Amino acid sequence: MEIHGKLIIIGGAVDKGSFTERDLDRNAPKNLNFFEEGILKRIIKESKHKELSRIEVITTASSIPREIGPEYVKAFSYLGATNIDVLNIEKREQAKDPEVLERIKNADVVMFTGGDQLRLSSILGGTEMHSIILDKYKNEEFIYAGTSAGAAAASSNMIYQGSSSEALLKGEVKVASGLGLIDDVIIDTHFVKRGRIGRLFQVVVGNPKVLGIGLGEDTGLLITNGRQMEAIGSGLVILVDGREIKDTNLTEVSLGQPISINHLVTHVMSKKDKFDLDTFKMIIHSTQYT
């Protein structure tokens, strides 16, 4: 099935250059460096009407929605966007409110903030609002953008819990259903700073068909046609490919015991590198082999 929308998933932001900084106005030049690198500027550029696109910032995942929403409005405004608003949806009933649904129908971009991806999926999953977003993503020139929890929840299955230090002990990583914009991948965020590679290893060894995607801070992926991935931002994207796994002890050890995996393939992407989800081929933009 052809996908007409675009998916922009972001690994979250470190404190330096974060668009949630409280001193955004005073440190605008520093913060704009982060915005320009990436991610928010690219969202505007890829959207249907550019600076005039209707952007709805959705704060459902956040525990401080009333604080975080206005910071995104400020950040997008600094980059020239002129048609931004915030949807604070904290209960499932709100996701069927006619006014909310009309705003989603009119949106060119929805931007899901960070927070708790299980909160996001449990509040929005299966609602009419969720259905409208899926339909727009599949059939219209529409962008689903999500950072941190908003990124993790974008796939059909999502990691919602699991200690980084114990991630390769059987059963330590917890997975639930996500929002279902993309199949056959699982996304983890704040990946480099929080050392979460073991979480992807465990999920992928449990189902090697699934490609693990680890997004570093200040880093994202632009996914077009549901299949073509381009790294954006300043950091790294780690891909974990389990299709060539030769052996594991996963089903032989007890819960809490270490997992062994033989021949797990990884790729590292940086800005402008591309990866095809159909062929599993990666193209390094600044290759030394020309």
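About the thresholds
Residues numbered from 1 in each chain as written. Predicted model: local features only at pLDDT ≥ 70, side-chain atom pairs only at ≥ 80, totals over all residues. Heavy atoms only, no water. Helix = DSSP H or I, 4+ residues; strand = E, 2+ residues; numbered from the N terminus. Buried < 20%, exposed > 50% of the residue type's maximum accessible area, 1.4 Å probe, protein only. 1 Å grid on protein atoms, 1.4 Å probe; cavity = no way out; pocket = protein on both sides within 12 Å on 5 of 7 lines; lining within 4 Å. Points joined across faces, edges and corners; volume = space filled by probe spheres on them. Nonpolar A, V, L, I, M, F, W, Y, C, P; charged D, E, K, R; others polar. Pairing = 2+ DSSP bridges. Axes fitted to C-alpha atoms, helices over the stretch in contact; angles between N-to-C directions. Contact = heavy atoms within 4.5 Å. Patch = residues over 30% accessible without salt bridge, like charges linked within 9 Å, V, L, I, M, F, W, Y side chains within 5 Å. Areas by Shrake-Rupley, 256 points an atom, 1.4 Å probe, with all protein chains shown as cover. Salt bridge = Lys/Arg side-chain N within 4 Å of Asp/Glu carboxyl O. Parallel < 35°, antiparallel > 145°, perpendicular 65-115°, else oblique.

### Overview of unusual backbone geometry
- You will see that Ser148, though not glycine, has its phi angle at about 55°, which is positive.
- Note that Ser148 resides in the loop between strand S5 (143–147) and helix H7 (149–152).
- Its relative accessible area of 11% is what places Ser148 among the buried residues.
- Here Phe280, not a glycine, exhibits a phi torsion of approximately 60°, which is positive.

### Re the layout of surface pockets
- Of the volumes computed, that of the second largest pocket is approximately 170 Å³.
- Of the residues that constitute the lining of the second largest pocket, the class distribution is six nonpolar, three polar and four charged.

### Looking at the sheet that holds strand S12 (residues 237–241)
- Taken in spatial order, the four strands of this open sheet run S8-S9-S12-S15, and their pairing is mixed. At either end of the open sheet lies a strand with only one pairing partner, and these are strand S8 (185–188) and strand S15 (265–269). Pairwise comparison of adjacent strand axes, ignoring direction, gives a mean angle of 20° for this sheet.
- Together, S8, strand S9 (211–215), S12 and S15 form the strand contacts of helix H8 (residues 197–206), whose direction differs from that of S12 by roughly 25°.

### A look at a nonpolar patch on the surface
- A cluster of nonpolar side chains, namely Val192, Leu236 and Val268, defines an oily patch on the protein surface of about 230 Å² accessible area.
- Here Val192 shows up in the loop between S8 and H8.

### Comments concerning the sheet that holds strand S2 (residues 55–58)
- With mixed pairing, nine strands are arranged side by side in an open sheet as S3-S2-S4-S5-S1-S10-S11-S16-S17. Two strands lie at the open edges of the sheet, namely strand S3 (84–87) and strand S17 (282–283), each paired on one side alone.
- The sheet contacts of helix H4 (residues 98–106) involve S2, S3 and strand S4 (109–112), and relative to S3 the element is tilted by about 140°.

### Brief notes about the pattern of salt bridges
- Considering all chains together, one arrives at 14 salt bridges under this definition.
- For the salt bridge of Lys6 with Glu46, the shortest nitrogen-to-oxygen distance reads 2.6 Å. Within this pair, whereas Lys6 is found in strand S1 (residues 6–10), its partner Glu46 is found in helix H2 (residues 39–46), the two being separated by 40 residues in sequence. The exposure classification of Lys6 matches that of Glu46, with both residues buried.
- The residue Arg42 makes a salt bridge to Glu230 at a minimum N-O spacing of 3.0 Å. One end of the pair, Arg42, is in helix H2; the other, Glu230, is in strand S11 (residues 228–233), and 188 residues separate them in sequence.
- Judged by its relative accessible area of 15%, Glu230 falls in the buried class.

### Some remarks on the packing of H4 against helix H6 (residues 128–139)
- In contact at an axis separation of 10 Å, H4 and H6 are set at 10° when each is read in the N-to-C sense. By the criterion of interaxial angle, the relationship of H4 to H6 is roughly parallel. Across the interface between the two elements, Val100, Leu101, Ile104 and Lys105 from H4 touch Glu128, Met129, Ile132, Ile133 and Lys136 from H6.

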